[in-house]
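The lines below spell out each chain.
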Amino acid sequence: MSAFGLQDKIAIVTGGGSGIGEAISKAYAEAGAHVVVGARQQERLDRVAGEIREMGRESLAVATDVTIPEQVDNLVQKTLDAFGRLDIMVANAGGGGFSGVMKAKLDDWDRTVGLNLDSAFLCDIAAAKVMIEQGDGGKIINISSTAGINLNPRLEAYAAAKAGMINLTKSLALIFAEHSINVNCVAPGVTVTPYMRQRGFAPPATRKDGTVVPPLLLPNEPEHVADACVFLASDAAAHVTGELMIVRGMFHMERSNDVLRDRAGLIR
C-alpha cells in the first residue's frame, strides 16, 4: 500500500484555508506530505497550517490571490525557499461568482472566469516550470465541478470556466507527458462543506418516513474529494493522466434526475 502514500512529498493546495481545500491539505498531511496552503485569508491559512503541524507534518501558510501572476509566483517561490522542491500542485481555489448572465457585465464574467480558470492556468504553469527543471516529474490536479460537465443555468460563467478547466487539464497532460508530469482533474458534485452546513444547505440524512438515506444517495463530504486527490497525487496513479475523476456518489443535480432524488427522500 506504500504506492498510495505521499511520504515527504511537497504539495501546494490553493484555496487551502477552508472547505474542500482544507480537507485535501489535511488528507495529504495524513498521507505523509508537507503542505503549503494558499488563499486570500491569512487567518484561515494559519489555522490549517497549525493543525497540519500538530499532525507531525511541516506546513507553510502563504496569503495568495491566485488571479494575480506575481502572487502565484510568490507562492511557488516561498515553497521552494522552505522545502527546496515541489512535487504536487492542487489548483483548488474557485467560487460561484454572479448569477444571471443577462444582467451581468463583462467585468463580472472576467472575475468569475479569472478565479475559476485563469487561476488554474497560472498555478499549473508555475508548478510545471519547477517540476520540469527538477527533472523527476510531478503531479498537477485541477479541481473542477460537475457544473463544468453538464450545466448550471444560474451560474453560467462558473460552469463555463469549470468546463474550460477540464479541457485545459487534457491539453496540459499531453504537453507535459514527456516530462513525466501527470495532470488530472477532479469534478466534485455537490459537496457539503462546513459553510454549507452552517447555512442549512445540507440535505437531511433521513427520509420523510424516518429511514436513513444510504450514503451514496447523499452529497459529498469534503473528505470524499480529498481521498480522490490523494490517489491522483500518489505513485498508485503513476500512469493516470489527462483524466477527469467525478466524485458525487449517485447524488446528481441535473434537472432530469428528480426521480433519483425522490428515492433518496430529498424532494419535499
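Residues numbered from 1 in each chain as written. Predicted model: local features only at pLDDT ≥ 70, side-chain atom pairs only at ≥ 80, totals over all residues. Heavy atoms only, no water.

Caption draft 1: A look at the pairing of strand E1 (residues 10-14). When you tally the buried positions in E1, you get five out of five residues, the bulk of the element. Both faces of E1 are covered, namely the face carrying Ile10, Ile12 and Thr14 and the face carrying Ala11 and Val13. Strand direction decides the pairing type here: E1 and strand E2 (residues 34-39), joined by five bridges, are parallel. Across the sheet, residue Ile10 finds its bridge partner in E2, namely His34. One crossover worth recording links E1 to the parallel E2 by way of helix H1 (residues 19-30), and it is right-handed. The pairing of E1 with strand E4 (residues 88-91) spans three bridges and is classified as parallel. Following the sheet pairing, Ala11 is matched in E4 by Ile88. (Buried < 20%, exposed > 50% of the residue type's maximum accessible area, 1.4 Å probe, protein only. Helix = DSSP H or I, 4+ residues; strand = E, 2+ residues; numbered from the N terminus. Pairing = 2+ DSSP bridges. Right-handed = clockwise from strand over helix to strand, strands pointing away.)

Caption draft 2: The arrangement of the nonpolar core in detail. Of all hydrophobic cores here, the largest spans 35 residues; its most connected members are Ile12, Met89, Ile140, Phe176, Ile181 and Val183. For this core, the elements supplying multiple residues, two or more each, are E1, helix H3 (69-83), E4, helix H4 (106-134), helix H5 (156-176) and strand E6 (181-188). No other element matches the 11 residues that H4 contributes to this core. Setting aside chain neighbours within four positions, we find Met89 in contact with Ile12, Thr14, Val76, Cys123, Ala127, Met131, Lys139, Ile140 and Ile141. (Core = buried A, V, L, I, M, F, W, Y, C linked by side-chain atoms within 4.5 Å. Contact = heavy atoms within 4.5 Å.)

Caption draft 3: Representation of helix H2 (residues 42-54) in the model. Along its 13 residues, H2 runs 18 Å from first to last C-alpha, staying within 8% of the 18 Å computed at 1.5 Å per residue. The set of residues buried in H2 consists of Leu45, Val48, Ala49 and Ile52. Projection of H2 onto a plane perpendicular to its axis shows the buried side chains occupying an angular sector of 100°, all on one side. Turned more than 90 degrees from where H2 packs its buried face, Glu43 and Glu54 sit exposed. On the buried face of H2, the contacting elements are H1, E2 and strand E3 (59-63). Of the residues one or two after H2, Gly56 is the one with positive phi, at around 90°. (Expected span 1.5 Å × (residues − 1). Arc of directions from axis to C-beta.)

Caption draft 4: Representation of H4 in the model. Across its 29 residues, H4 extends 40 Å between first and last C-alpha, which sits within 8% of the 42 Å expected from 1.5 Å per residue. In H4, a bend of some 50° at Gly114 exceeds every other bend along the element. Backbone geometry just downstream of H4 places Gly135 in the positive-phi region, at approximately 85°. (Bend = angle between axes of the 7 residues up to and from the residue.)

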